[in-house]
Amino acid sequence: MLMVMDIGNTNIVVGVHDGKEWIAHWRLSSSRSRTSDEFGIILGSMFQAGGVDMKAVKDIIVSTVVPPLLVPLCNMCKRYFGITPFVVTIGPGVKTGLNVLMDDPRQVGSDRIVNAVAAHHMYGDKGNLIIIDFGTATTFCALRPDGEYLGGAIAPGIGISTEALFQKAAKLPRIELIKPKMAICHDTIHAMRSGVIFGFVGQMDGIITRMKKELGGQAFVVVTGGFGKLMASESELVDVVEPFLTLEGLLILHKMNRKQ
């Protein structure tokens, strides 16, 4: 079995694939104070609760945008699984099937490349692709059918933007992000939900429209991330929602690079 780990700024997403399908996936917080033993104990509990045998894991691939977490998690893999993980890096030595047309490809977050690999593999026959990931930051990536990664845009994420509103505005409460029924609301909580959700949908649609124009007018739009389904439900420009796009990308990269 293969274990994949997507280490983000807010959460670490772990998936286990048996060669045919995903048999388990979990999400834990990206606490930078945790030791390798703490991560090992937490993952061990998750494996046990999911009825998955840790000893059955034969390979591990890791993608991270949080460098300080890489060492403790790699040490955890060695100690608790007896495996040195394959770490996705952007540059020579890692096959992606993409041509990254950035001024400095090393500046591109590995999660963005992993998402692009998955989208290209799954929807490359649809023409130009726009990939949107609603994570700690909201990222927009543009991809040509031949695998040219053109770049994209980065915006503040929905979660951190909402938290900043709560922290900086004394009379505004912390809210749960549930879709409001109307844009014009009659109380503070629903008004905040309207502003945040419809505001970010407007941002998403606006950037999609601009990117499509720069791509010649056509693009297939793939959305992923924690708020992806909610945002897509309010837009007519999104073609498909893929909640586990990053895990699929890591699985594909493992197949492409496993001989290494």
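Just above sits the structure.
Per chain, residue numbering runs from 1 following the sequence as it is written. Residues qualify for local features only when their pLDDT is at least 70, as the model is predicted, and side-chain atom pairs are given and counted only at 80 or more; totals for whole chains, interfaces and linings, by contrast, use all residues. Calculation of side-chain values draws on the structure's entire complement of heavy atoms; hydrogens and water are dropped beforehand.

(A) Here's a closer look at the pattern of salt bridges. Definition used for salt bridges: Asp or Glu carboxyl oxygen within 4 Å of a side-chain nitrogen of Lys or Arg. The final tally for this structure, using the stated rule, is four salt bridges. For the salt bridge of Arg106 with Asp104, the shortest nitrogen-to-oxygen distance reads 3.2 Å. Residue exposure (1.4 Å probe, protein chains only): buried if accessible area is under 20% of the type maximum, exposed if over 50%, otherwise partly exposed. Classification of Arg106 by relative accessible area gives exposed; the value is 67%.

(B) Representation of the pairing of strand β7 (residues 129–134) in the model. Burial runs high along β7: six of the six residues are buried. Note on conventions: DSSP H or I runs of at least 4 residues are helices, E runs of at least 2 residues are strands, and numbering of each starts at the N terminus. The two faces of β7 match: Leu129, Ile131 and Asp133 on one face and Ile130, Ile132 and Phe134 on the other face are all buried. Being paired, for any two strands, means DSSP has found at least two bridges between them. Alignment of β7 against strand β8 (residues 137–143), held across six bridges, turns out to be antiparallel. Counted as the bridge partner of Ile130 is Ala142 from β8. Hairpin connection of β7 to β8: two residues between the antiparallel strands. By the bridge criterion, six bridges tie β7 to strand β10 (residues 220–225) in an arrangement that is parallel. The partner of Leu129 across the bridge, within β10, is Phe220.

(C) Main features of the packing of aromatic side chains. For Phe, Tyr and Trp, rings pair up if their centres lie within 6.5 Å, where Trp contributes its six-membered ring, and each pair is then called stacked (planes under 30 degrees apart), edge-to-face (over 60) or tilted (otherwise). Counting across every chain of the model gives three aromatic pairs. Consider the rings of Trp26 and Phe47, whose centres lie 4.9 Å apart with planes at 45°: the pair is tilted. Of this pair, Trp26 sits in strand β3 (residues 22–29) while Phe47 sits in helix α1 (residues 36–49), and the two are 21 residues apart along the sequence. For the pair shown, Trp26 and Phe47 are each scored as buried.

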